[in-house]
Amino acid sequence: MKNILVLCTGNSCRSQMVHGYLNQIAKGKAKIYSAGIETHGINPGAANIMREDGIDISNHTSNHVDEYLDINFDYIITVCDHAKENCPFIPSKNALRLHHNFFDPSKVVGTEEEKHNAFLQARNEIKNYSKKFVDKYI
């Protein structure tokens, strides 16, 4: 079984959505972890937009990357530029390190509809990436 770490700044939104999709799409062929260089708790907008697609991430926890230093990861995916540039070294010598800077819906200011559409845009981008990742690597 492959170990996959999904890393973002606060482990509250984008990394949690990737975590949810990889869990669903990989169907038990990988152990998915997500973490941040900080912990911000689960973003309610992320939990709501994932629930709309049948995935419940509301029970996920926001974890700090230091909690996983003893795990040998096969893949480390950074999902925002800030985490890629500021993350401490993760000692998984054989890990394939991938990066994709996903749109951040949590930064959108506007009406409820505009915020919902932002989360929908990010979710769709993340879902497509997750499917391609699993097809290629798992």
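Keep in mind the model is a prediction, meaning the values are calculated, not measured.

Reading the values: the criteria
Residues numbered from 1 in each chain as written. Predicted model: local features only at pLDDT ≥ 70, side-chain atom pairs only at ≥ 80, totals over all residues. Heavy atoms only, no water. Pairing = 2+ DSSP bridges. Helix = DSSP H or I, 4+ residues; strand = E, 2+ residues; numbered from the N terminus. Axes fitted to C-alpha atoms, helices over the stretch in contact; angles between N-to-C directions. Contact = heavy atoms within 4.5 Å. Salt bridge = Lys/Arg side-chain N within 4 Å of Asp/Glu carboxyl O. Buried < 20%, exposed > 50% of the residue type's maximum accessible area, 1.4 Å probe, protein only.

**Q** Before we move on, could you go through the sheet that holds strand β4 (residues 96–99) and cite the residues and values that matter?
**A** Spatial ordering of the open sheet is given by β2-β1-β3-β4, a layout of four strands whose pairing is parallel. For this open sheet the edge positions go to β2 (30–36) and β4, each flanked by a neighbour on one side alone. For this sheet, the mean inter-axis angle between neighbouring strands, taken without regard to orientation, is 20°. For strand β1 (residues 2–8) and strand β3 (residues 75–78), the ladder comprises four bridges, and the chain directions are parallel. Bridging across to β3, L7 finds its partner in T78. Contacts from helix α1 (residues 14–26) reach β1, β2 and β3 within the one sheet, and its direction differs from that of β2 by about 175°.

**Q** Any chance you could break down the pattern of salt bridges for me, citing the residues and the numbers?
**A** Under the counting rule described, the total for this entry stands at three salt bridges. K127 serves as the salt-bridge partner of D53, at 3.0 Å between the closest nitrogen and oxygen. Of this pair, D53 sits in the loop between α2 (44–52) and β3 while K127 sits in helix α4 (residues 112–137); the two residues are 74 residues apart in sequence, bridging distant segments of the chain. Since its relative accessible area comes to 21%, K127 is described here as partly exposed. The salt bridge involving E112 is made with K115; its shortest N-O contact spans 3.7 Å. With E112 and K115 both in helix α4, this residue pair falls three residues apart, about one helical turn. On the basis of relative accessibility, which here comes to 61%, the residue E112 falls in the exposed class. In this structure K115 comes out as partly exposed when scored by relative accessible area, which is 29%.

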